[in-house]
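Structural overview
Here is what each chain is made of, one letter per residue.
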Amino acid sequence: MESPIIYSSSEHVSLIPEIVALHQACITQPPCVIATFLPPFKAGGMEAWWEQRVYEQEQGYRKIILQMAVNEKTGKMDVAGYCMLGMPVSQTGPFRGIVEKLLVSPEHRRKGIARRLMERLEVVAKEEGRTLLTLDTVTGSPAELIYPKLGYIQVWINSSAHVFLFSATYKTASLPRTA
Ligand SMILES: CC(C)(COP(=O)(O)OP(=O)(O)OC[C@H]1O[C@@H](n2cnc3c(N)ncnc32)[C@H](O)[C@@H]1OP(=O)(O)O)[C@@H](O)C(=O)NCCC(=O)NCCS
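Residues numbered from 1 in each chain as written. Predicted model: local features only at pLDDT ≥ 70, side-chain atom pairs only at ≥ 80, totals over all residues.

Moving on to the overall build of the chain. If you tally the helices and strands in the chain, you get six helices and seven strands. Secondary structure elements of the chain, listed N to C terminal, follow the sequence β-α-α-α-β-β-β-α-β-α-β-β-α. Scored against the burial criterion, the 179 residues of the chain give a buried share of 29%. Restricting to contacts in the chain with at least 6 residues of sequence separation, those with at least 24 account for 58%. (Helix = DSSP H or I, 4+ residues; strand = E, 2+ residues; numbered from the N terminus. Buried ≥ 20, exposed ≤ 12 C-beta atoms within 10 Å, placed from the backbone. Contact = placed C-beta atoms within 7 Å.)

This is the structure:
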């Protein structure tokens, strides 16, 4: 399998329908992740949302990371999974990054794709100076089990959502040394 890639508007715009289809599959197929939209999906609504995310990447506020892989059933190259690094503007917290939409196609799960995507995201985050990564997951979801395996630490729980913080070794590595 090739390495995860960063979405490029010039090369990957034709993948938007597939990105949307994967998003929809993760929402509708068990274990049915909560991911911004609810079925029935309004025509064009999710495409517009993804186009907005692409715009944010073009403006420097986001990175969209894709994993392509051959579908063993069809022999075709699929968007097998993706995740995003949100890089909000913050003068007081320029080191903060937000992990969003780690979604792997039901046809490509348990092959290490989420791990590969997150490893790439963390390299990109470090390059961008985003050394403290945060995310939230739904209680009881598979994500709740996988993030600790990827080095994330649970910091808060309520009845409907979990919040994890990355162990943030990057942050201490990049802090200026004191005399
Ligand atoms: C959760 C999800 C991203 C995992 O993707 P994946 O590519 O199958 O995960 P990987 O194969 O990279 O597995 C990474 C680790 O998590 C573990 N894992 C993956 N799915 C798991 C599951 N359902 N239950 C328990 N552990 C799981 C793997 O064993 C692996 O750990 P290991 O390397 O120590 O063995 C995928 O199932 C998915 O897209 N689910 C729906 C969307 C979702 O919940 N996304 C998270 C949004 S917050």
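Let's shift gears to the nonpolar core. In summary, soluble globular proteins display a tendency toward joint burial of nonpolar side chains. Membership of the largest hydrophobic core comes to 32 residues, with the highest contact counts inside it found for Ile65, Tyr82, Cys83, Val99, Leu102, Leu117 and Leu121. Put simply, the parts of the chain that give this core at least two residues each are α2 (16-28), β2 (62-70), β3 (77-86), β4 (96-104), α4 (113-127), β5 (132-138) and α5 (142-149). Beyond its immediate chain neighbours, meaning those up to four positions away, Leu102 contacts Cys83, Ala114, Leu117, Met118 and Ala143. (Core = buried A, V, L, I, M, F, W, Y, C linked by C-beta atoms within 7 Å.)

Below, the discussion takes up the pairing of β2. Across two bridges, strand β1 (residues 5-6) lies against β2 in antiparallel orientation. Its bridge partner being in β2, Ile6 is matched across the sheet by Ile65. Pairing of β2 with β3, which is carried by nine bridges, proceeds in the antiparallel orientation. Bridging across to β3, Ile65 finds its partner in Cys83. Linking two consecutive strands that pair antiparallel, namely β2 and β3, is a turn of six residues; a positive phi of about 75° is found at Gly75 within it. (Pairing = 2+ DSSP bridges.)

Turning to the packing of α2 against helix α3 (residues 45-58), a few remarks are in order. As a packed pair, α2 and α3 sit with axes 10 Å apart at the nearest point and diverge in direction by 115°. It follows that α2 is roughly perpendicular to α3 by the angle criterion. You can see that α2 and α3 cross each other, and the crossing is right-handed. Between α2, through Ile16, Ile19, Val20, His23 and Gln24, and α3, the contact on the second element is made entirely by Met46, Glu47, Trp50 and Glu51. Partitioning the contact of α2 with α3 into residue classes produces five nonpolar, two polar and two charged. (Axes fitted to C-alpha atoms, helices over the stretch in contact; angles between N-to-C directions. Parallel < 35°, antiparallel > 145°, perpendicular 65-115°, else oblique. Left-handed = near helix turned anticlockwise from the far one by under 90°. Nonpolar A, V, L, I, M, F, W, Y, C, P; charged D, E, K, R; others polar.)

Moving on to the environment of Leu133. Looking at the element boundaries, Leu133 is found in strand β5. Given 26 C-beta atoms within a 10 Å radius, Leu133 is considered buried. Counting along the chain gives 47 residues from Leu133 to Gly86, while the straight-line C-alpha distance between them is 9.4 Å.

For the bond running from Pro30 to Pro31, omega is 15°, close enough to zero to count as cis. Mapping Pro31 onto the fold places it in the loop between α2 and α3. Located in the positive-phi region is Arg110, a residue other than glycine, with phi close to 60°. Note that Arg110 resides in the loop between β4 and α4.

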